[in-house]
Protein chains: 2
Amino acid sequence: MSKGERTREMIVARAAPLFNRRGYAGVSLSAIMEATGLEKGGIYRHFGSKEELSLVAFDHNMSALAERFEAAVHSHRNAVDRLKAILEVHREVAADHVVPGGCPILNTAVEADDTDPRLAERARKGMDDWIAMVTRIVHRGIERGEIRAETDPAALASTLFAAMEGAVLMARLHPDGAQMQHVLTHLDWYLESAVRA
Amino acid sequence: MSKGERTREMIVARAAPLFNRRGYAGVSLSAIMEATGLEKGGIYRHFGSKEELSLVAFDHNMSALAERFEAAVHSHRNAVDRLKAILEVHREVAADHVVPGGCPILNTAVEADDTDPRLAERARKGMDDWIAMVTRIVHRGIERGEIRAETDPAALASTLFAAMEGAVLMARLHPDGAQMQHVLTHLDWYLESAVRA
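Everything quoted here is computed from the prediction, not taken from an experiment.

Rules and cut-offs
Residues numbered from 1 in each chain as written. Chains lettered and ligands numbered in written order. Predicted model: local features only at pLDDT ≥ 70, side-chain atom pairs only at ≥ 80, totals over all residues. Heavy atoms only, no water. Axes fitted to C-alpha atoms, helices over the stretch in contact; angles between N-to-C directions. Helix = DSSP H or I, 4+ residues; strand = E, 2+ residues; numbered from the N terminus. Parallel < 35°, antiparallel > 145°, perpendicular 65-115°, else oblique. Left-handed = near helix turned anticlockwise from the far one by under 90°. Contact = heavy atoms within 4.5 Å. Nonpolar A, V, L, I, M, F, W, Y, C, P; charged D, E, K, R; others polar. Salt bridge = Lys/Arg side-chain N within 4 Å of Asp/Glu carboxyl O. Buried < 20%, exposed > 50% of the residue type's maximum accessible area, 1.4 Å probe, protein only.

Draft legend 1. View of the packing of helix α1 (residues 3-22) of chain B against helix α2 (residues 29-36) of chain B. All names here are of chain B. Taken N-terminus to C-terminus, the directions of α1 and α2 make an angle of 130°; their axes are 9 Å apart at the nearest point. One finds that α1 runs oblique with respect to α2. Once α1 is placed against α2, the crossing between them reads as right-handed. Along its contact with α1, which presents Met 10, Ile 11, Arg 14, Leu 18, Phe 19 and Arg 22, the element α2 presents Ala 31, Ile 32, Ala 35 and Thr 36. Tallied by class, the residues present in the contact of α1 with α2 amount to seven nonpolar, one polar and two charged.

Draft legend 2. Structural context of the pattern of salt bridges. Tallied over the entire structure, the rule returns 22 salt bridges over all chains. Linking B:Glu51 and B:Arg118 is a salt bridge whose minimum nitrogen-to-oxygen distance equals 3.0 Å. Separated by 67 residues along the polypeptide, B:Glu51 in helix α4 (residues 50-74) and B:Arg118 in helix α7 (residues 117-143) bring together distant segments of the chain. Taking the shortest distance from any N to any O, the salt bridge between B:Glu88 and B:Arg91 comes out at 2.9 Å. Of this pair, B:Glu88 and B:Arg91 both sit in helix α5 (residues 79-94), three residues apart, which is roughly one turn of the helix. Given the relative accessible area of 33%, B:Glu88 is considered partly exposed. Salt bridges linked by common partners bring A:Asp81, A:Lys84, A:Asp188, A:Glu192 and A:Arg196 together as one network.

See the structure below:
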């Protein structure tokens with residue numbers, strides 16, 4: 001990696017938690033200068049605008065998340081166990097253990113839908129990728145006889161995503177994790193009693 | 001109402017949708033001046049700071065929401081029917097029919113937890129009030145024999161809140177309402193098959 005590439009990576013790595021915590025509008029250029037130790041010119045050498053940097057920072061946060069989900073999926077073979085491992089990742093996300101500032105999809109969707117269409121598009125893709133991942137697991141689970149045949153894969157995926165993102169939101173306001181646990185207990189019961197074959 | 005009071009109310013009514021759509025950091029003083037047709041001095045005569053105005057604007061948005069929930073509760077006598085009416089309000093919230101810009105708790109929780117403790121406190125209270133309202137309905141439903149005795153009121157309330165706020169979030173990214181419908185269908189099935197006595 002050249003020195004320029006290393007500087008670019010450093011800017012992204014330090015700006016990514018800022019954007020995820022404070023939102024696009026909440027991060028000033030001077031906050032990025034402070035976090036990176038660079039002057040304005042040093043940042044603009046690598047990124048044409050704060051918006052451009054925010055898009056790369058979002059991708060950076062999403063890569064960390066995607067890696068964690070992939071590890072969860074590969075930790076089990078049974079489809080229902082895979083789903084449960086995926087849900088557990090959200091508990092870690094809520095506890096700030098995956099990406100500083102919580103879930104980038106949640107954070108970005110709320111801010112960007114009214115302000116920045118390119119960020120909103122990325123959040124939408126992040127959500128769609130999650131739904132597609134879970135839908136595939138459910139389909140395969142039905143084929144293998146691990147999940148009840150009458151299950152609607154897309155409906156189940158949407159319901160799980162809604163409940164987990166809502167739980168992550170609740171943890172922002174009550175970080176003790178009690179409500180996250182209520183939601184996980186409910187979904188666990190549901191997956192065992194109504195989804196597992 | 002005096003002229004000053006009317007002006008104050010006008011500022012709140014016009015600033016409230018701005019804050020709910022764009023967030024605290026996303027609303028500049030000049031945007032408030034444009035929306036109200038007032039000069040800087042005219043706004044500062046009524047509110048000491050943008051932060052102070054944002055708190056009153058949040059309360060304004062929450063009143064509209066609380067009124068809608070109250071009407072939903074009083075539209076039915078049976079506890080499970082009351083819960084279902086409450087969930088339907090979230091569909092209206094997601095469709096922007098209650099407060100412009102969607103759910104103020106969702107919007108504020110995501111932005112304010114890292115930036116403004118007074119706004120975060122208000123969002124927390126909004127969520128706690130919702131949970132308390134649903135918990136009371138479930139308690140009463142158990143007493144009246146409308147809801148199964150083994151139901152955990154607080155756990156059910158947290159689960160419903162998480163799922164509905166998650167569904168509102170999903171509707172920000174896919175406004176066609178299909179995913180909201182999946183979530184409502186799931187919760188309807190759950191309330192009928194595992195909660196109703």
